[in-house]
Amino acid sequence: SQRDTLRVLREHVLRVVREYNVIIQWLSPEERRLFGHHIRTLDRKIGPGISKYTWQHHGIKDFFVKEACRECAAVYDYVKRYKENCNTISQICRTIAEGPDSKGLIVIERKTVYTRDEFRDRQERHQDEVKKFFRHQHQRITDVMLATYQFFDSHPEFVQAEWAADVDRKDKKIEEALK
């Protein structure tokens, strides 16, 4: 019946709205600016369904709902991977903050007497361990940031500016972990 057809169509359109709203609500204002290009692209895909198509258009489910859901899923995947990468950076920061011997470049063991050469050797070994630890964490951060940048590398200048601000925020977070 016509009523059932309209009810099913309404559910499909509400699905698009829910998926879009999940993306928008999951992003902070800064992240919305960072994902501005993705969101505008998504708006262009969804826009005709809001302003141009009517309930009487034949095949609206096929040509609008499927396409809109596919686009929402793609943007959601970018946002999800971005959030996962942010969590990885936070985890690395915690690892740095709890780093080897609290990141001290000099280790002094209580109730241990060293000769000058033993002390120098012990300090050099310890410093090598700390340097290796920091190099490893630096490489992990670099890899995550490069993977994250792939979501935004060919986007307009306003997104690049927001990416630079996002990198600055992460730099401050890393700096705090080093204190």
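All values derive from a computational prediction rather than experimental measurement.

(A) Structural view of a negative patch on the surface. Taken together, the side chains of Glu118, Asp121, Glu124, Asp128 and Glu129 present a region of like negative charge at the surface. The exposure class of Asp128 is partly exposed, given its relative accessible area of 48%.

(B) Molecular detail of the nonpolar core. In this structure, Ile23, Leu34, Phe35, Ile46, Tyr82, Ile141 and Phe152 are the most contacted members of the largest nonpolar core, which totals 31 residues. When residues of this core are traced back to their parent elements, those giving at least two are helix 1 (2–26), helix 3 (36–51), helix 4 (60–97), helix 5 (116–149) and helix 6 (157–178). No other element matches the 13 residues that helix 4 contributes to this core.

(C) Structural view of the packing of aromatic side chains. One pass over the structure, following the stated rule, counts 10 aromatic pairs. Centre to centre, the rings of Tyr149 and Trp163 are 5.3 Å apart; their planes meet at 45°, and the pair counts as tilted. Residue Tyr149 is found in helix 5, and its partner Trp163 is found in helix 6; the two are separated by 14 residues along the sequence. The exposure class of Tyr149 is partly exposed, given its relative accessible area of 26%. Ring geometry for Phe152 versus Trp163: centroids 5.7 Å apart, planes at 35°, classification tilted.

(D) Quick look at unusual backbone geometry. With a phi close to 60°, Lys111 is a non-glycine residue in the positive phi region. We classify Lys111 as exposed; its relative accessible area is 87%.

Here is what the cut-offs are and how they apply
Residues numbered from 1 in each chain as written. Predicted model: local features only at pLDDT ≥ 70, side-chain atom pairs only at ≥ 80, totals over all residues. Heavy atoms only, no water. Patch = residues over 30% accessible without salt bridge, like charges linked within 9 Å, V, L, I, M, F, W, Y side chains within 5 Å. Areas by Shrake-Rupley, 256 points an atom, 1.4 Å probe, with all protein chains shown as cover. Salt bridge = Lys/Arg side-chain N within 4 Å of Asp/Glu carboxyl O. Lys, Arg positive; Asp, Glu negative; His and termini not counted. Charge placed at Lys NZ, Arg CZ, Asp CG, Glu CD. Buried < 20%, exposed > 50% of the residue type's maximum accessible area, 1.4 Å probe, protein only. Core = buried A, V, L, I, M, F, W, Y, C linked by side-chain atoms within 4.5 Å. Helix = DSSP H or I, 4+ residues; strand = E, 2+ residues; numbered from the N terminus. Phe/Tyr/Trp six-rings, centres within 6.5 Å; stacked < 30°, edge-to-face > 60°.

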